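Here's the letter readout for the chains.
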Amino acid sequence: MWRRGTRHGRVLSLDAALGDGLSLYDLVVSEVDYLAHTAGGVFEDDRLNRVLRGLTPVERAVVFVYAEGTTWTEAAAHAGATDPDAFGERVRRKTRRLAAEQHRRAELARTAP
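Residues numbered from 1 in each chain as written. Predicted model: local features only at pLDDT ≥ 70, side-chain atom pairs only at ≥ 80, totals over all residues. Heavy atoms only, no water.

Caption draft 1: Structural detail: helix α3 (residues 57–67). What α3 keeps buried is the set Glu59, Val62, Val63, Phe64 and Val65. For α3, the secondary structure elements touched by its buried residues are α2 (46–53), α4 (72–78) and α5 (84–111). (Buried < 20%, exposed > 50% of the residue type's maximum accessible area, 1.4 Å probe, protein only. Helix = DSSP H or I, 4+ residues; strand = E, 2+ residues; numbered from the N terminus. Contact = heavy atoms within 4.5 Å.)

Take a look at the structure:
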């Protein structure tokens, strides 16, 4: 368990013990459909939709958990990866690569005659 100081408080690991054998992980709902928070599962920014379409369902689940404020490793562990460090890093690199490709295509479209 680790603690990290911030200006106005402390940040705890999701593995932090809460007593009675509970951790912060136990308080997180495991089957939250983050896409349900959007209109019909589609985000307003089409660039995000294109990146998400390039991911497998498990990779998308990692991205959604990461977006809620965890690390890539914690997000991969929450998604059930057997090697959370490696899987989280792979998803991080893949999303960056897909986002860079979307940016490159947008620049090409903008500068095309």
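Caption draft 2: Local environment of the confidence of the model for the protein chain. Confidence along the protein chain averages 75 in pLDDT terms, with 59% of residues attaining 70 or more. Within the protein chain, the lowest mean pLDDT, 53, falls on strand β1 (residues 3–5), and the highest, 91, falls on α4. (pLDDT = per-residue confidence, 0-100.)

Caption draft 3: A look at the pattern of salt bridges. Across all of its chains, the model carries six salt bridges by this definition. Here Arg92 makes a salt bridge to Glu89, at a shortest N to O gap of 2.6 Å. Pair noted here: Arg92 and Glu89 are both in helix α5, with a separation of three residues, about one helical turn. Given the relative accessible area of 24%, Arg92 is considered partly exposed. For Glu89, a relative accessible area of 31% translates into the label partly exposed. With a closest N to O distance of 2.9 Å, Arg105 and Glu101 form a salt bridge. Residue Arg105 and its partner Glu101 are both found in helix α5; the two are separated by four residues, about one turn of the helix. Ionic contacts of the salt-bridge type, sharing partners, join the residues Glu59, Arg90 and Lys94 into one network. (Salt bridge = Lys/Arg side-chain N within 4 Å of Asp/Glu carboxyl O.)

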